[in-house]
Amino acid sequence: MSRHEHLERSIPSTSADPKAEVTLTVNGVSVTREVSTRMLLSDFIRHGLRLTGTHVGCEHGVCGACTVMIDGRAARSCLTFAVQADGADIRTIESEAEEDGTLSALQQAFQECHGLQCGYCTPGMIMNIRAHFDSGEELDLSDEGIRELISGNLCRCTGYANIVKAVRRAAELAGKA
Amino acid sequence: MSTRKFGAPIKRNIDPKLLTGNGAFTDDINLPGVLHAAFVRSPFARARINGIDTSLAEQADGVVAVYTCDNIGHLDIELPLLIPHPSMTAARTQRPLARGDVYYVGQTVAMVVAVDRYVAEDAANLVDVDYHPLDVELDLEKAIEDGTPLVHPTHPNNIAADFTQVCGNPEAAFAEAEHVTRIRVQVDRSTAAAMECRTVAARYDSVRGELTVWDGTQAPLGVRGGLASIFGLDEDKVRVIAPDVGGGFGQKVMFPYPDELLVPHAAIQLGRPVKYIEDRRENFIGSNQERTQIHEIELFAKKNGEVIALRDSFLHDTGAFIPYGIAVAQVASTSIAGPYQIPNIHVRFRAVYTPTVPVTPYRGCGRPQACFAIERAMDQLAEELGIDRFEIRRRNLIRDEQFPYTREGLLFADGLRVKLDSGQYTKALEMAREAIGWDNFAASQEAARKEGKAIGLGLAYYVEGTGLGPYEGGHIKIHPITGKVYVNTGLTSQGQGHDTVFAQIVSDQLGVAVEDVIVVEGDTGTFEWGVATFASRAAVVSGNAIHKTAIKVREQTIKAAANMLEADPADIELEDGHAVVAGTDRKVSLAAIATATNPLRYAFNSAAQAATQFAPASRHDGPPLIDGQHPGLEATDYFSPECATWAYGVHAAIVEIDRDTCDVEVKKYICIHDCGNMINPVIVDGQVMGGFAQGIGGALYERIEYDTEGNPTNANFVDFLIPYATEVPAIEISHLETPSPLNPLGVKGVGEAGCIAVGATLASGIEDALRPFGGKKFHQTPITPSMIFGAISNG
Ligand code: FES
Ligand code: FES
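Each value, and the rule that gives it
- Residues numbered from 1 in each chain as written.
- Chains lettered and ligands numbered in written order.
- Predicted model: local features only at pLDDT ≥ 70, side-chain atom pairs only at ≥ 80, totals over all residues.
- Heavy atoms only, no water.
- Pairing = 2+ DSSP bridges.
- Helix = DSSP H or I, 4+ residues; strand = E, 2+ residues; numbered from the N terminus.
- Axes fitted to C-alpha atoms, helices over the stretch in contact; angles between N-to-C directions.
- Parallel < 35°, antiparallel > 145°, perpendicular 65-115°, else oblique.
- Left-handed = near helix turned anticlockwise from the far one by under 90°.
- Contact = heavy atoms within 4.5 Å.
- Nonpolar A, V, L, I, M, F, W, Y, C, P; charged D, E, K, R; others polar.
- Salt bridge = Lys/Arg side-chain N within 4 Å of Asp/Glu carboxyl O.
- Polar contact = N/O pair within 3.5 Å; in protein donor to acceptor, adjacent residues only side chain to side chain.

A.B. asks: Residue-level account of the sheet that holds strand β1 (residues 19-26) of chain A, with values.
C.D. replies: Picture the strands of a sheet paired through backbone hydrogen bonds; they go either parallel or antiparallel. Residue and element names in this part refer to chain A. Read across the sheet, 5 strands follow the order β2-β1-β5-β3-β4 without closing on themselves; strand pairing throughout is mixed. In this open sheet, the two edge strands, each paired with only one partner strand, are β2 (29-36) and β4 (73-76). Recorded for the sheet is a direction-independent mean angle of 45° between the axes of neighbouring strands. Relative to strand β5 (residues 89-91), β1 runs parallel, the two being bridged by 2 bridges.

Okay, here's the thing in structure tokens:
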């Protein structure tokens, strides 16, 4: 090592990007933060709020791993800027189980049916399915209907058949079947 | 006795954590003060670098450091050739950051470290590299011609390796053939595309001189070895942790990728944690891929369909570098005769450098290509000889009484000879025939054709060499306070459910609940002997090591319990976390036994009181621990297989082609599968179904595209088509369980099973469906709608 490398570098703590203040509700809690205007909502949720259950698989809006609920609808947080979520009501996977850790019917069904392997796609899958379950829409629980319902989410591990089973089982457990 | 856990569909221990978003993938780990790395990558497939100007990037707000080959010191080397083999001369591997030349679009040229990823990526765009582009040839068959532009001037005709293996006496057999079938088949390049891209984060503790690296790898021990040797650090000062990893499928077994060295280097230099989270485009252009092979295969047969010899010569695209040696091509060449007796084999391959992303294993690793070649050739032979496709296979299958069946002269990827160890190949074929409804198919096909519908039946047989050595280990300890059982092994999981299947094995020996077996893997700080997760080997090699270890701990536990309960060891049973004297209610908990076998000075709880030096049960006539005795209940053991164990199976499908849209609809898909004894059938089915979906991708959709100048043209999830739920048909799986004689549990690997035969099966079915509508052959995958359109419209 040369001599100058022993000197402590002066490292800035944040970027010089322009910032804006956002206020939003996340899993029922109101938060106000200053964010860089180009920060993706996915990065804000993961690194700003440290809710790392939301994953990113492509960051170009195709895989669905980053799916969260924005104002009750499933949305891709990698295609949304954090500043666009100002005033929004966001739900992430961290809100899915009960406070005491008891798994929701949907989560239980995924475990029961072996609907996950690596678990990377799973939070996005679950938030997408949750949005459909909660929307009050009539669910088509045929194989085709369920495959259509999850057709915005890629999974590279399971081959989907067990996720299809899990959705049907969850609907049963939640009294929707 | 508690019921046996081996073979039961136990729920996975890891699921609640993953389902609630509490997994800890690399990018989820909070490292205060972390800096972010981004790479400058070559935009040319082949070019000379005249100069690199980093000054603008260095001045950018928030940039901390910019690295090129000129300021990375001891890292400016050619990376190791991981698996040497005599068939390669002067094998080429890449440098962490390019020096002088670049060899593929995506190769790393410089690394920027900045306060966040946004700034780092912006600054990477400010690095000015002056390239002088060179000519390239992307076509694999042209690449070996004289006068073609070379990827490496050191390698004439772009040949990286040229290797021939021979079994039996093929020359003599060729002369005896009554019929010869020849076909050329091609499988195109795909990629693992795990949902989590590759990741690496590093922190250096300058007080302790310790480097900790979190790496989404399949080979933490290998990465540690690589880091220790390249950085000149003692192994004990390097800890590599593979945390939760979002799928691997082979791409993550390769190491070191440039970032795996450069990120730790920056962390050491800058005194701050640094991380690099690959994005999807980088995964397509910077992380290794696999598949392209072109086979010219010939079957030498008797008129009755018996194949007496096989000759195959294939080109294997190894990309710009060959860091993993010839592993993929070697697996393909040794799997080429499939499940058939074929006693005489001549197989040659040439591995060819192309100016593209390097090639190392992706789930299947040469097996899908070999299966595609032999199975398409079998169909062709059947057609030429006028023999039913099931029947011609039946006549050639290795018969039950012929096992173990050795292919003398062929060495598998473990350097050991190919020995197909056990199976019921004929039965599996019969089951497939029945399940797909072969006997009635001709009539329904005929009827459908009358209505103008194109319906076909396809089938393919596959074998899968699994469970390679050299070895894995297991360490088991019963915790004296909780009575929970801690298990360590050296490899690591990317979703396969090791924590549960290993727990089932231990649970059976120790009589504890599966949830009370805590499996910790993928951390070189907890267990440091082992190899890695690849080639469907975890259940076989680690599984058996853990099984052997559990037997040792069981013996220790029973002996100690017999002593405590003053009973005959033969009467002790282990159940529900206790040792019980059979037929009585006298019992003691595993926690108490673990405590009692550890002579104590301090009584920290009631069980500990009984183990202290003044307790009535203590020895007073010598040292509390007898010479050679180990305190507590703990053991370590290893398993090293004699050679690979071969799983196998048959796929069959009924497909319908829409002649207007050229869409392929899979109406029925069945799979007969045998991976020996199944530890957890639900997890086995999960592996098969996941592999199947990747097989569907390879058969119909996925192809890495390059233009003629070597630019990738579909390096994103919009254009590279990974199947969604709407593209993966239902699959009906049936199992046979023929135990492997090569390991105590009788298990075989399952990781790659699902993907191997899908391309061959669908090609067989599509060809059958379109026979009256043009009669084209389908000898290439993926089979795209435009290929089908071409076949129909030229017909
Ligand atoms: S990460 Fe948002 S869709 Fe893939
Ligand atoms: S479980 Fe791994 S990507 Fe879906």
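A.B. asks: Please provide a residue-by-residue account of the packing of helix α10 (residues 367-385) of chain B against helix α20 (residues 758-770) of chain B, values included.
C.D. replies: The axes of two packed helices give the description: the angle between them and the distance between them. Residue and element names in this part refer to chain B. One can describe the packing of α10 onto α20 by two numbers: an axis separation of 8 Å at closest approach and a directional angle of 30°. The angle between the axes of α10 and α20 places the two elements in the roughly parallel class. In this structure, α10 crosses over α20, and the sense of that crossing is right-handed. Of the residues in α20, those in contact with Cys371, Phe372, Glu375, Arg376, Asp379 and Glu383 of α10 are Gly759, Ala760, Ala763, Ser764 and Glu767. Classifying every residue of the contact of α10 with α20 gives 4 nonpolar, 2 polar and 5 charged.

A.B. asks: Tell me about the interface of chain A and chain B, and name the residues and values.
C.D. replies: In this complex, chain A contributes 58 residues to the contact, which on the side of chain B involves 63 residues. At the boundary of chain A with chain B, the tally comes to 5 salt bridges. Across the salt bridge formed by arginine 156 of chain A and glutamate 702 of chain B, the nearest N and O atoms sit 2.7 Å from each other. Remark: the boundary between chain A and chain B carries 24 residue pairs in polar contact (both at pLDDT 80 or more). When residues of the side of chain A that touches chain B are traced back to their parent elements, those giving at least two are α1 (41-48), α2 (105-112), α3 (122-134), α4 (143-149) and α5 (161-173) of chain A. In terms of residue count, the dominant contributor to the side of chain A that touches chain B is α2 of chain A (4 residues). Its residues placed into classes, the side of chain A that touches chain B shows 25 nonpolar, 21 polar and 12 charged.

A.B. asks: Any details on the packing of α2 of chain A against α3 of chain A? Residues and values, ideally.
C.D. replies: Residue and element names in this part refer to chain A. At a minimum axis distance of 11 Å, the contact between α2 and α3 shows a crossing angle of 130°. With respect to their mutual orientation, α2 and α3 come out oblique. Crossing geometry of α2 relative to α3 is assigned as right-handed. For the pair α2 and α3, contact is made by Leu106, Gln107 and Phe110 and by Thr122, Met125, Ile126, Ile129 and Arg130, respectively.

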